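# Notes for the structure review
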Amino acid sequence: IYAEQLLLGSFLINNEFIDTALEFINIESFFLPAHQEIFDAIHTLRRNNSLADIVSLKNYFSYNKKIKEIGGDEYILKLVNEASSAVIN
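First, a word on scope: everything that follows refers to the structure included in this document. (Residues numbered from 1 in each chain as written. Predicted model: local features only at pLDDT ≥ 70, side-chain atom pairs only at ≥ 80, totals over all residues. Heavy atoms only, no water.)

### Details of the nonpolar core
Note the threshold: Residue types Ala, Val, Leu, Ile, Met, Phe, Trp, Tyr and Cys, when buried and joined through side-chain atoms within 4.5 Å, form a set referred to as a nonpolar core. For the exposure calls, accessible area comes from a 1.4 Å probe over protein chains only, and a residue counts as buried if that area is under 20% of its type's maximum, exposed if over 50%, partly exposed in between. Working definition: helices are DSSP H or I runs of at least four residues, strands are E runs of at least two. Numbering for both runs from the N terminus. By definition in these notes, contact holds between two residues if any of their heavy atoms fall within 4.5 Å.
Counting residues in each nonpolar core, the largest one holds 21 residues, and the members touching the most others are Leu-8, Phe-11, Ile-38, Phe-39, Ile-42, Leu-57 and Phe-61. Top contributing element to this core by residue count: helix 3 (residues 33-47), with six residues. Leave out the neighbours within four places in its chain, and Leu-8 touches Phe-30, His-35, Ile-38, Phe-39, Ile-42 and Leu-79.

### Regarding helix 1 (residues 2-13)
Short version of the rule: For a helix, the expected span equals 1.5 Å multiplied by the number of residues minus one.
In a regular helix each residue adds 1.5 Å, so 12 residues correspond to 16 Å; helix 1 covers 16 Å between its end C-alpha atoms and thus fits that length. Along helix 1, the residues that are buried comprise Glu-4, Gln-5, Leu-8, Gly-9, Ser-10, Phe-11 and Leu-12.

### Describing the packing of helix 1 against helix 3
How we decide: Here, axes are lines fitted to C-alpha atoms. For helices the fit covers the stretch in contact, and angles between N-to-C directions go from 0 to 180 degrees. Small angles under 35 degrees read as roughly parallel and large ones over 145 as roughly antiparallel, with 65 to 115 read as roughly perpendicular and the rest as oblique. Crossing chirality is assigned from the near helix's rotation relative to the far helix, an anticlockwise turn below a right angle marking it left-handed and a clockwise turn marking it right-handed. Classification used: nonpolar for Ala, Val, Leu, Ile, Met, Phe, Trp, Tyr, Cys and Pro, charged for Asp, Glu, Lys and Arg, polar for all others including Gly.
For the pair helix 1 and helix 3, the least separation of the axes is 11 Å and the interaxial angle reads 20°. Taken together, the axes of helix 1 and helix 3 lie roughly parallel to each other. Between helix 1 and helix 3 the crossing geometry is left-handed. In this structure, helix 1 contributes Glu-4, Gln-5, Leu-8, Phe-11 and Leu-12 to the contact, and helix 3 contributes His-35, Ile-38, Phe-39 and Ile-42. Partitioned by chemical class, the residues of the contact of helix 1 with helix 3 number six nonpolar, two polar and one charged.

### A look at a nonpolar patch on the surface
Just so we agree on the cut-off: Grouping into patches uses exposed residues only, defined as over 30% relative accessible area, and leaves out salt-bridged ones; the cut-off is 9 Å for like charges and 5 Å for nonpolar side chains (Val, Leu, Ile, Met, Phe, Trp, Tyr). Per-residue accessibility takes into account occlusion by the displayed protein chains alone, with areas from the Shrake-Rupley method and a 1.4 Å probe. For this analysis, a salt bridge means a side-chain nitrogen from Lys or Arg found within 4 Å of a carboxyl oxygen belonging to Asp or Glu.
On the surface, a nonpolar cluster with roughly 240 Å² of combined accessible area is contributed by Ile-54, Val-55 and Leu-77. Its relative accessible area of 31% is what places Ile-54 among the partly exposed residues.

### Concerning the environment of Ile-13
Turning to its location among the elements, Ile-13 is positioned in helix 1. You can call Ile-13 partly exposed: its relative accessible area is 46%. Along the sequence, Ile-13 and Asp-53 sit 40 residues apart, while their C-alpha atoms lie 6.8 Å from each other. Those residues in contact with Ile-13 that sit more than four places away from it in its chain are Val-80, Ala-83 and Ser-84.

### Brief notes about the packing of aromatic side chains
Operational definition: When the centres of two rings from Phe, Tyr and Trp lie within 6.5 Å, Trp using its six-membered ring, the rings pair. Their planes under 30 degrees apart give stacked, over 60 give edge-to-face, and anything left gives tilted.
Scanning the entire structure with this criterion turns up three aromatic pairs. Judged by centre distance (6.4 Å) and plane angle (55°), the rings of Phe-11 and Phe-39 are tilted. One end of the pair, Phe-11, is in helix 1; the other, Phe-39, is in helix 3, and 28 residues separate them in sequence. Classification of Phe-11 by relative accessible area gives buried; the value is 1%. Counting every residue linked through ring pairs, the aromatic cluster contains Phe-11, Phe-30 and Phe-39.

And the structure:
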């Protein structure tokens, strides 16, 4: 679960990671349904040539009314914070 969090957080920090990772991973690569939802949203945003970051992801889920299903805005922020902390440590 922690590895999934770090991976998703890294995608939000640097969209080049998701662009490269799409060759190797897909939605089934994630165990948690919430992580599958987040991955799908990031992938959709990138496929539409949009920036996938905290703000765009929040807007995406707010529009689709799924933000609470994935843990709210706080969870998206946690993903980025966890990935940032892992890089620093």
